[in-house]
Amino acid sequence: MHGYRLILASLRYYWRTHLGVAVGVALATATLTGALLMGDSVDASLRKLALQRLGRVDLAIDTRQQYVDASLADRLAGELGVRGVAVLRLAGAMRQAVGPDARRVGDITVLGVTPAFWEMADGPIRGLTPTEIALSVKLARALGAQPGDEVALRVAAPTLLPQDAPLASKTGPASRQGVFTVAAVVPDSQLGRFSLRAEQLAPYNAFVDLQWLQSRTDLPGKANVVLLESSPGKSINMAAADQALQRVYRLADAGLGLHLREHGVVQLESERIFLPELIGVAALRLKLPEGGEPVGALTYLVNRIHNPAKPDAATPYSFVSALSPSQGDSLGLAPADLPDDGLLASQWLADACNLGPGDDVEIAYFRLSPTNTFVEHTRRFTVHAILDMETLQAERRLIPPFPGLSEVESCADWEIGMPMDEEALADPANEAYWERYRETPKAIISLAAGQEMWGSRFGNLTAVRYSAVYSPAIIEETLRRELSPDMLGISLQPVRQIALEATRQAMDFGGLFLGMSFFLIVAALMLTALLFVFGVQH
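Below: a short report on this structure. Worth saying up front: this structure is predicted, and the values here are computed from it rather than measured.

1. Points about the layout of surface pockets
Then, number 1: In this structure, the largest pocket spans a volume of roughly 910 Å³.
Then, number 2: Listing elements by their share of the lining of the largest pocket, those giving two or more residues are β3 (83–96) and β4 (104–113).
Then, number 3: Element by element, the count of residues in the lining of the largest pocket is highest for β4, at 4 residues.
Then, number 4: A class-by-class count of the residues in the lining of the largest pocket yields 15 nonpolar, 10 polar and 7 charged.

2. Observations concerning helix α7 (residues 238–248)
Then, number 1: Ala241, Ala244, Leu245 and Val248 are the residues of α7 that are buried. What you see down the axis of α7 is that its buried residues fit within an arc of 100 degrees, all on one side.
Then, number 2: Looking at the buried residues of α7, the elements they touch are β1 (57–62), α3 (71–80), α14 (472–482) and β20 (492–493).
Then, number 3: At the N-terminal boundary of α7, the capping side chain belongs to asparagine 237, with an oxygen 3.1 Å from the backbone nitrogen of alanine 239.

3. A word on the nonpolar core
Then, number 1: Counting residues in each nonpolar core, the largest one holds 84 residues, and the members touching the most others are Leu268, Leu343, Trp414, Ile445, Trp454 and Tyr466.
Then, number 2: Apart from residues lying up to four places away in sequence, tyrosine 466 is in contact with Leu258, Gly264, Val265, Val266, Leu268, Ala283, Leu286, Leu288, Pro294, Leu331, Ile475 and Leu479.

4. Structural notes on the pattern of salt bridges
Opposite charge on two side chains allows them to pair when their charged atoms are near.
Then, number 1: Taken as a whole and judged by the stated rule, the model has 17 salt bridges.
Then, number 2: The partner of arginine 380 in a salt bridge is aspartate 360, with the nearest N and O atoms 3.7 Å apart. Of this pair, arginine 380 sits in strand β17 (residues 374–387) while aspartate 360 is found in strand β16 (residues 360–368), placing the two residues 20 residues apart along the sequence.
Then, number 3: A relative accessible area of 30% means that aspartate 360 is categorised as partly exposed.

5. Here we look at the pairing of strand β11 (residues 256–261)
Then, number 1: Relative to strand β12 (residues 265–270), β11 runs antiparallel, the two being bridged by 6 bridges. Bridge pairing in β12 places leucine 260 opposite valine 266.
Then, number 2: In textbook terms, the turn of a hairpin is the stretch between consecutive antiparallel strands, and for β11 and β12 this stretch comprises 3 residues, one of which, histidine 263, has a positive phi near 60 degrees.

6. Re the packing of aromatic side chains
Remark: the centre distance and the inter-plane angle together describe each pair of aromatic rings, the angle taken between the planes.
Then, number 1: Per the counting criterion, the structure on display carries 12 aromatic pairs.
Then, number 2: Measuring from centroid to centroid gives 5.1 Å for phenylalanine 117 and tryptophan 118, while their planes differ by 80 degrees, and the two rings are edge-to-face. Each member of the pair, phenylalanine 117 as well as tryptophan 118, carries the same accessibility label: buried.
Then, number 3: Between tyrosine 300 and tryptophan 454, the ring centres sit 5.1 Å apart and the planes meet at 5 degrees, which makes this aromatic pair stacked. Placement of tyrosine 300 in strand β13 (residues 295–307) and of tryptophan 454 in helix α13 (residues 447–454) is noted, with a sequence separation of 154 residues between them. The same class applies to tyrosine 300 as to tryptophan 454, namely buried.
Then, number 4: Put simply, the rings of Phe117, Trp118, Phe194 and Phe207 touch in pairs and so form one group of aromatic residues.
Then, number 5: Just above the ring of tyrosine 433 sits the side chain of lysine 442; from NZ or CZ to the centre is 4.8 Å.

7. Describing the environment of cysteine 353
Then, number 1: Tracing the backbone shows cysteine 353 in helix α9 (residues 347–353).
Then, number 2: Along the primary structure cysteine 353 and proline 311 are separated by 42 residues, whereas in three dimensions their C-alpha atoms are 9.1 Å apart.
Then, number 3: Apart from residues no more than four positions distant in its own chain, cysteine 353 is found in contact with Ile305, His306, Asn307, Ala313, Ala314 and Thr315.

8. Observations regarding α14
Then, number 1: Listed as buried for α14 are Ile475, Thr478, Leu479 and Arg480.
Then, number 2: Against the buried residues of α14 lie α7, β11, β12, α8 (277–285) and β19 (463–467).

9. Quick look at the pairing of strand β15 (residues 342–346)
Then, number 1: Among the 5 residues of β15, 5 are classified as buried, and the element is accordingly described as predominantly covered.
Then, number 2: Alternating positions in β15 separate into two faces, Gly342, Leu344 and Ser346 on one and Leu343 and Ala345 on the other, with burial throughout.
Then, number 3: Relative to β17, β15 is paired through 5 bridges, and the arrangement is parallel. Looking across to β17, one finds that glycine 342 is bridged to threonine 382.
Then, number 4: Pairing of β15 with strand β18 (residues 443–446) involves 3 bridges; the strand directions are antiparallel. Within β18, the position partnered with alanine 345 by the bridge is alanine 443.

10. Points about the packing of α3 against α7
Then, number 1: Put simply, α3 and α7 touch, their axes get as near as 9 Å, and they point 125 degrees apart. When the axes of α3 and α7 are compared, the pair comes out oblique. In this structure, α3 crosses over α7, and the sense of that crossing is right-handed. Within the contact between the two elements, α3 uses Leu72, Arg75, Leu76, Glu79 and Leu80 and α7 uses Ala240, Ala241, Ala244, Leu245, Arg247 and Val248.
Then, number 2: For the contact of α3 with α7, the class distribution of residues is 8 nonpolar, no polar and 3 charged.

11. Re the side chain of aspartate 253
Then, number 1: Locating aspartate 253 in the fold gives a position in the loop between α7 and β11.
Then, number 2: At 2.6 Å, the side chain of aspartate 253 and the side chain of arginine 75 are in polar contact.
Then, number 3: At 2.7 Å, the side chain of aspartate 253 forms a polar contact with the backbone nitrogen of arginine 250.
Then, number 4: When residues no more than four places from it in sequence are discounted, the contact partners of aspartate 253 are Tyr67, Val68, Asp69, Leu72, Arg75, Val248 and Ile490.

Cut-offs applied
- Residues numbered from 1 in each chain as written.
- Predicted model: local features only at pLDDT ≥ 70, side-chain atom pairs only at ≥ 80, totals over all residues.
- Heavy atoms only, no water.
- 1 Å grid on protein atoms, 1.4 Å probe; cavity = no way out; pocket = protein on both sides within 12 Å on 5 of 7 lines; lining within 4 Å.
- Points joined across faces, edges and corners; volume = space filled by probe spheres on them.
- Helix = DSSP H or I, 4+ residues; strand = E, 2+ residues; numbered from the N terminus.
- Nonpolar A, V, L, I, M, F, W, Y, C, P; charged D, E, K, R; others polar.
- Buried < 20%, exposed > 50% of the residue type's maximum accessible area, 1.4 Å probe, protein only.
- Arc of directions from axis to C-beta.
- Contact = heavy atoms within 4.5 Å.
- Polar contact = N/O pair within 3.5 Å; in protein donor to acceptor, adjacent residues only side chain to side chain.
- Core = buried A, V, L, I, M, F, W, Y, C linked by side-chain atoms within 4.5 Å.
- Salt bridge = Lys/Arg side-chain N within 4 Å of Asp/Glu carboxyl O.
- Pairing = 2+ DSSP bridges.
- Phe/Tyr/Trp six-rings, centres within 6.5 Å; stacked < 30°, edge-to-face > 60°.
- Lys NZ or Arg CZ within 6 Å of the ring centre and 35° of its normal.
- Axes fitted to C-alpha atoms, helices over the stretch in contact; angles between N-to-C directions.
- Parallel < 35°, antiparallel > 145°, perpendicular 65-115°, else oblique.
- Left-handed = near helix turned anticlockwise from the far one by under 90°.

This is how it looks when you write it as structure tokens:
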């Protein structure tokens, strides 16, 4: 008998036994295959979600609460030959515009975008007017909104300097509002769930016109997200992108500017009042062939200046400038022999507090503690010299503007981030000083002393001064070579690569489901073995 005929005969005679074995093997195989397929399905879903939230975005700059010049996107994209988009991202809340039981959704992400943003995912929208808004699917469902409905949007009003920073302005509303018509509900697959954060939950996204959002929040020409789109099938080289960023960035991208002031002074200032410490160190280290050493300046509002020998001889709330030594007085009034415990008093301060050279004087001031509270400290100085008010007026013209202080007419109207004593603000003599001299400092101390007293995590300089022997453009180009975009808080991130690596480095779901199905597989194999043994025995 041939072998195959013997096999056929065995199958016919022992068909019940063979069927049982086959069912056991099929059960074990199905369990194993199902576990692996389930794991692959979860991995594929994670990858899909990661790519949905990014569209075709390859690299991104995310400066969060620091706002950069939106033109950086075009400059960087032009240097790399790719598409670049600037986005302004803020926090907000939304509700239905009409109805007593209008639905509300808090903690939404408001994105100011241009038509180029939608081209990064072939979205359904080609642009939004200032009265239109697009909602993500999740936000539209939460509001019960459809295209054509009206919704009310409230956007948290951003500030260039955090509200808890010293001298931060407290003026202006805490939020801005607008009523919009829903232009579209954006699917997740077309950037509806756009986010640079690696998260599985879809965000509540609301998309508005970029220029409207910039104008409404007093951030003209600003953005805090820059997106770069890669070519189809080709990613942007990270090293080349970093080099391109180094070539095209400007100081203005980080809110810094060099301004030509009176008396031949070019001054580096920040729209955030304080220069970050790394920037200040590099700016003071800058060496120019002519014009002498740069001068660092830190101007601060102190609580009280008084003569300890005469307790009633005092003046509240005064500007004091801390300066590094200047060659001559072209860049500052601090002489080289001014010690760290020495003070140059204005003639007005000397008269108000009965001070003369050699007298002691105490300054009470707030310092920001690590717990984010203001704690008052006092430091004693010795009067080094008396300066006439006309000389100090030149120093006043070099002090950068302080929002909430410089533009008001009365001390009682000051609105800044430090606690203020209303009675002291109403002091008649100080009010008269403000009306006549404005921000003119009442005293000058050394920069080292000022930085020790008033330096904080927000910075320890309000300006760096250079001689106008060189133009602001030349000084900026020289300073750019000493700095890097990273030092300004501007850095590129390979967000697409990070998202894909996160899905690959996540838990091995195939192995997880295989482990969870282990006992089922073992049971199926044992059943197969028992059926086979049972068949042999019979």
